[in-house]
Every structure is written in C-alpha cells, then in structure tokens.
Amino acid sequence: MSALIENAAACEIRSVIRFLNAKKVKPSEIYRQIREVYGQNAMSDSMVRRWVRQFNEGRNQVHDEERCGRPSLVTDELVQAIEEKVKQNLFGIMWNTVKDHLFVGIQSLVDSLSNNENIKRHRLRAVGKIFDPLGLLTSFTIHVKCILKVLWLKKISWDAELPPDIRRICCQWVSEVPRLSEIEIPTYVLHSSVEEPSDVLKLHCFCDSSQKAYGVAIYTRVVKDWNVEVNLLVSKGRVAPLTKITLPRLELLDDCLMTDLPSLEEDSNGASIDLCRQHWLLSSL
C-alpha cells in the first residue's frame, strides 16, 4: 500500500474531485479514492458530494471565494482553539466533529456516583443520567436495571442501605463506568454502498432472553469492494417482568421487542433501500 499524502491543501483535494467528476466517476468512488490517498480525515463524504454538486452546476474554481466587507477576525490562535474543541454535546451524547463519531459523556454520571450513597434512590437517579435513545449502551445499563429489580423484589425502601451482596455488585458496575468513554459509534454506517449494484447491505437482527432480562440488537453488515464492515445500529433491552414467566414466553417477548424497532427500509431522504434481513434467535435452551 502506498504512503498517504498528509497535510494536503484543500484546493488540491478539490482539484482531484473536479478531475474525477469530469471522468464521470461516482461520488462514492471519489470519496473512497480520496480516503485511500489522503487519509480518512481528508474530507467527509458529505463535503465530497457538495463539491461534486457545485462542479456539476458550473463552478470551475477550486479556491475559496473572496468575501467582501470587514476584514476577517479569524486568527491562527482561534483556529487552533476550535480544532482542539471538537467535542460537541448533543443531549448528553458527545460528538467528535473530526471523526464524525458519537461517544458517551460520562462526567455527569461520574459526579452523581462520586458521593457513594448506597441507597436505591441514588442508583435510580444514576440510571437517569444516561441518555441512550438508540440503545447503544444497553449491555451496560441492563445490569443496573436488574439490580433495581432485585431491590423491588426484596421490598427495600428508597433510603435504606443496600445489602452487602447487592452493594458489591453495584461497586462492580460503578467501576465499569469510566470505560464508557472508550465506546465510539460512527454516525453514518451505510457508506453510500446502496448506490452501487455490486454492494451488499444486510441487517442482522439478534434477540435473546433469560430469566433476568431480554433484548434485541441490530447490526449493519456492508460489503463494498470485497471489504466487510459491521456496525451496531440500534438495540433495546428490557428487564424480565416481576412475575415469573417461562423462558419460551420471554423469547416471544424479545421477538415482539424486535418488531417495535423503527423501520429501516428508507434512508433519511426517504429513498428506498434494498435490504437483506437475517434474524438470529439465540436460545439458551
């Protein structure tokens, strides 16, 4: 593999886009070649498509247009400060604007757990600090929900001290909180593969259940140019009901949980996506 061209000028990359676009190369292929030559952070897929659209509309300049009016107030120090602050807060979820990845902001959760109050009210408050609409942290949050279920079964009051065995499990859960910052989720998992007839996009749906909890997870599997990439798309988990029920009935519950997930047959623009679904039932019987 050839060495990457680092620190390339923006006008150079735009010239490459203009050249390949003139040769009728598709935007997805232009983006792939730019990543291969200039690196993953050279230019985003949306920006490549934006320049392709401008060149198709008649633009022939690759340099930024000069602006009239007051002199620019942008300084090198300001640019450096903005580049260092690439983490934007979106409803408790952090967004790395350079890599276009989402990750969890755990500071509020760490602050909530720092007082070491081993009572049921405090544990429930800590769970409320985690905002996870897509269920990307279900495998982590389901543990503390199971702990709360045990507290309800034992009829422990809100402000009573937790039993030693449950306190030990809670301490183990708290020790895993800092590792949440290591999880990074790409915001775009399709990589424009649905535009190429030779590319394959599959959804793999896994569901499983136990006497404690049941859940479902959906992964995207994209095959493009003989390369395979798998990403977690969405998941959902539920604690088993307080009333004890049989395992086959719990497996039916996780099947129902899978049907409750939103339809994924259309992209954000409303265009139809040809999907191949595969469902996997992981049974412990």
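Residues numbered from 1 in each chain as written. Predicted model: local features only at pLDDT ≥ 70, side-chain atom pairs only at ≥ 80, totals over all residues. Heavy atoms only, no water.

Under an unreviewed UniProt entry, the name given to the protein is Mos1 transposase HTH domain-containing protein, and the source organism is Larinioides sclopetarius. Looking at the protein in UniProt, the text filed under Subcellular location (unreviewed entry) is "Nucleus". (UniProt positions renumbered as here; feature names shortened; annotations may be inferred.)

## Comments concerning the overall build of the protein
Secondary structure assignment for the protein yields nine helices and eight strands. In the protein, which comprises 285 residues, the proportion classed as buried is 34%. Residue pairs in contact within the protein that sit at least 24 positions apart in sequence constitute 61% of those at least 6 positions apart. With the model as given, the accessible surface of the protein reaches about 18,800 Å², and the carbon-plus-sulfur share is 54%. (Helix = DSSP H or I, 4+ residues; strand = E, 2+ residues; numbered from the N terminus. Buried < 20%, exposed > 50% of the residue type's maximum accessible area, 1.4 Å probe, protein only. Contact = heavy atoms within 4.5 Å. Areas by Shrake-Rupley, 256 points an atom, 1.4 Å probe, with all protein chains shown as cover.)

## Looking at the packing of helix H7 (residues 138-153) against helix H8 (residues 164-175)
For the pair H7 and H8, interaxial distance at closest approach is 11 Å and the crossing angle is 165 degrees. The angle between H7 and H8 falls in the class roughly antiparallel. Like other packed secondary-structure pairs, H7 and H8 cross with a definite hand, here left-handed. Contacts between H7 and H8 involve Phe-140, His-143, Val-144, Ile-147, Val-150 and Leu-151 on the former and, on the latter, Ile-166, Ile-169, Cys-170 and Trp-173. (Axes fitted to C-alpha atoms, helices over the stretch in contact; angles between N-to-C directions. Parallel < 35°, antiparallel > 145°, perpendicular 65-115°, else oblique. Left-handed = near helix turned anticlockwise from the far one by under 90°.)

## Quick notes on the packing of aromatic side chains
How two aromatic rings sit relative to each other is given by the distance of their centres and the angle of their planes. Inspection of every chain in the model, using the stated rule, returns four aromatic pairs. Aromatic side chains Phe-140 and Trp-173 sit 5.0 Å apart centroid to centroid with 20 degrees between the ring planes, which places their arrangement in the stacked category. Here Phe-140, found in helix H7, pairs with Trp-173, found in helix H8; they are 33 residues apart in sequence, far enough to count as distant. The buried category is assigned to Phe-140, whose relative accessible area is 7%. Ring centres of Phe-206 and Tyr-219 lie 5.9 Å apart, and the angle between their planes is 85 degrees; on these two criteria the pair is classed as edge-to-face. In this pair, Phe-206 is assigned in strand S5 (residues 200-209) and Tyr-219 in strand S6 (residues 213-224), connecting sequence segments 13 residues apart. (Phe/Tyr/Trp six-rings, centres within 6.5 Å; stacked < 30°, edge-to-face > 60°.)

## With respect to the packing of helix H2 (residues 27-38) against helix H3 (residues 45-56)
Packing of H2 against H3 leaves a shortest axis separation of 9 Å and a crossing angle of 125 degrees. Our classification of the angle between H2 and H3 gives oblique. Here H2 runs over H3; the crossing is right-handed. Where H2 approaches H3, its residues Pro-27, Ser-28, Ile-30, Tyr-31 and Ile-34 are matched on the opposing element by Asp-45, Val-48, Arg-49 and Val-52.

## Here's the deal with the pattern of salt bridges
Evaluated as defined, the whole model comprises six salt bridges. Arg-32 is paired through a salt bridge with Glu-36; the nearest N and O atoms lie 3.0 Å apart. Of this pair, Arg-32 and Glu-36 both sit in helix H2, separated by four residues, roughly a single helical turn. Taking relative accessible area as the criterion, Glu-36 reaches 42% and is therefore assigned partly exposed. (Salt bridge = Lys/Arg side-chain N within 4 Å of Asp/Glu carboxyl O.)

## Brief notes about helix H9 (residues 247-260)
Since the α-helix packs 3.6 residues into each turn, any two residues three or four apart lie on the same face. Spanning 14 residues, H9 covers 20 Å between terminal C-alpha atoms, matching the ideal 20 Å at 1.5 Å per step. Three or more residues of H9 are buried, namely Leu-247, Leu-250, Glu-251, Asp-254, Leu-257 and Met-258. Buried residues of H9 fall within an arc of 110 degrees about the axis and therefore sit on the same side. Residues of H9 that are exposed and angled more than 90 degrees away from the buried face: Arg-249, Leu-252, Thr-259 and Asp-260. (Expected span 1.5 Å × (residues − 1). Arc of directions from axis to C-beta.)

## Quick look at the layout of surface pockets
The space that makes up the largest pocket amounts to roughly 1,200 Å³. Lining the largest pocket are 30 residues, and of these Met-43, Ser-44, Asp-45, Ser-46 and Met-47 sit closest to its centre. Secondary structure elements with two or more residues in the lining of the largest pocket: helix H1 (10-22), H2 and H3. Among the elements that line the lining of the largest pocket, the one with the most residues is H3, at six residues. Among the residues making up the lining of the largest pocket, the classes are represented as ten nonpolar, nine polar and eleven charged. (1 Å grid on protein atoms, 1.4 Å probe; cavity = no way out; pocket = protein on both sides within 12 Å on 5 of 7 lines; lining within 4 Å. Points joined across faces, edges and corners; volume = space filled by probe spheres on them. Nonpolar A, V, L, I, M, F, W, Y, C, P; charged D, E, K, R; others polar.)

## Looking at the environment of Glu-6
Mapped onto the elements of the fold, Glu-6 is located in the segment before H1. The exposure class assigned to Glu-6 is exposed, which follows from its relative accessible area of 63%. Along the primary structure Glu-6 and Tyr-38 are separated by 32 residues, whereas in three dimensions their C-alpha atoms are 6.1 Å apart.

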